Amino acid sequence: MTAPGPALPHPVTGEPFPSPVPPGTGWPDDPASPDTPVARTAADVAGVARESCGLDPNDRSEADFSVVWVQSADARAARLAELGARTSVCRACPRLVEWREEVARTKRASFADQPYWGRPVAGWGDAEPRVLIVGLAPAANGGNRTGRVFTGDSSGDWLYASLHRVGLAALPTSTHAGDGQALLGARLVAAVRCAPPANRPSTTERDTCAAWLAAELALVAPTVRVVVALGGFAWDAVLRAAPALGCAVPRPRPRFGHGLEVGLPRAPGAWSGLPGDSLSLLGCYHPSQQNTFTGRLTVAMLDEVLGRAAASR
């Protein structure tokens, strides 16, 4: 990590933190400690992600995800926490590391009095979700600032308000880690865990981060019944990670569409304890300003998709 900026008070706790925030220094909900293992290459990510699930870090086969699925709920929750810790200190993609830390040090003028998280943003929410919501990546001045996925920007304002209306969030707003928000039977994850320049991760960055996503999906697969993909990038990421959910991808490969629902059949040989014979994948336009300002996505449209997901529980 390059030299952090001066310590500033956290908006919720008032405790001072430098930007980026070193792991294990007391930031609310920081899953890591100073000695959490750091992945520095794509190979490290693949190995560390598998190890977090209790798998052989050197065996990259997909057939052994059933070893994860049969673990107890307590064991999977503990492994999910460990995965989040290791995700949150990843340094495998040099361009993303440089960008997220530069944004954290320079800051947007409207947030100049706040510390920035400036690290990868781990998945967040219920450890045994029935609804899993997948986005693209943290926003530079949103999740990269607040340390929580989809928190601190316009997209998050839209998303959490809708989640609250359909009964999947305790509060209608999510402003910062430690604000009292909680997800109810739901979990939020990003396909790419660091804020990318121009919101566009490279193919290599996408593929490197895919191991974190696959590990997280494997750990929540025994309870998930529906996955909501916010945008085409997330839709494709879920289809690539389908084996981690015990699912096969239909042929022809389904294309993203708002409101589109497809069944991902449980793959032959998938652990019989997984819920149902198939998993529902729901498409939803991303609640970006580009979509919400133009009316491509309306409040009613977002509530309809998330309401369907909530009702499927």
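In case you missed it, the structure is sitting above this.
Residues numbered from 1 in each chain as written. Predicted model: local features only at pLDDT ≥ 70, side-chain atom pairs only at ≥ 80, totals over all residues. Heavy atoms only, no water.

Would you mind going over the overall build of the chain with me for this structure?
If you tally the helices and strands in the chain, you get 10 helices and eight strands. On C-alpha atoms alone, the chain measures out to a radius of gyration of 18 Å, which is about the 20 Å that the 2.2 N^0.38 rule sets for 313 residues. Projected onto its principal axes, the C-alpha coordinates of the chain cover approximately 55 × 45 × 35 Å. Relative to its 313 residues, the chain shows a buried fraction of 53%. Long-range contacts, defined here as pairs at least 24 residues apart, represent 69% of the contacts in the chain between residues at least 6 apart. Entry remark: accessible area of the chain is about 12,300 Å², with carbon and sulfur atoms responsible for 54%. (Helix = DSSP H or I, 4+ residues; strand = E, 2+ residues; numbered from the N terminus. Rg over C-alpha atoms; globule rule 2.2 N^0.38 Å. Buried < 20%, exposed > 50% of the residue type's maximum accessible area, 1.4 Å probe, protein only. Contact = heavy atoms within 4.5 Å. Areas by Shrake-Rupley, 256 points an atom, 1.4 Å probe, with all protein chains shown as cover.)

Explanation requested: the packing of helix α6 (residues 154-165) against helix α10 (residues 299-311) in the structure shown.
Two numbers describe a pair of packed helices, the interaxial angle and the distance between the axes. α10 packs onto α6 with a crossing angle of 55 degrees between their chain directions and a minimal axis gap of 9 Å. Taken together, α6 and α10 sit at an angle that is classed as oblique. Considering how the two elements wind past one another, α6 and α10 form a crossing that is right-handed. Here Trp 158, Leu 159, Ser 162, Leu 163 and Arg 165 of α6 lie close against α10, whose contacting residues are Val 299, Leu 302, Asp 303 and Leu 306. The class makeup of the residues in the contact of α6 with α10 is six nonpolar, one polar and two charged. (Axes fitted to C-alpha atoms, helices over the stretch in contact; angles between N-to-C directions. Parallel < 35°, antiparallel > 145°, perpendicular 65-115°, else oblique. Left-handed = near helix turned anticlockwise from the far one by under 90°. Nonpolar A, V, L, I, M, F, W, Y, C, P; charged D, E, K, R; others polar.)

Is there a simple way to explain the packing of aromatic side chains in this structure?
For any pair of aromatic rings, the description rests on two quantities: the centre-to-centre distance and the angle between the ring planes. With the rule as written, the count across this model stands at five aromatic pairs. Taken together, Phe 17, Trp 27 and Trp 117 form an aromatic cluster joined through their ring pairs. For the cation-ring pair, Arg 296 lies above Tyr 285, with the distance from its terminal atom to the ring centre recorded as 4.0 Å. (Phe/Tyr/Trp six-rings, centres within 6.5 Å; stacked < 30°, edge-to-face > 60°. Lys NZ or Arg CZ within 6 Å of the ring centre and 35° of its normal.)

By themselves, these are just geometric observations and shouldn't be taken as functional.
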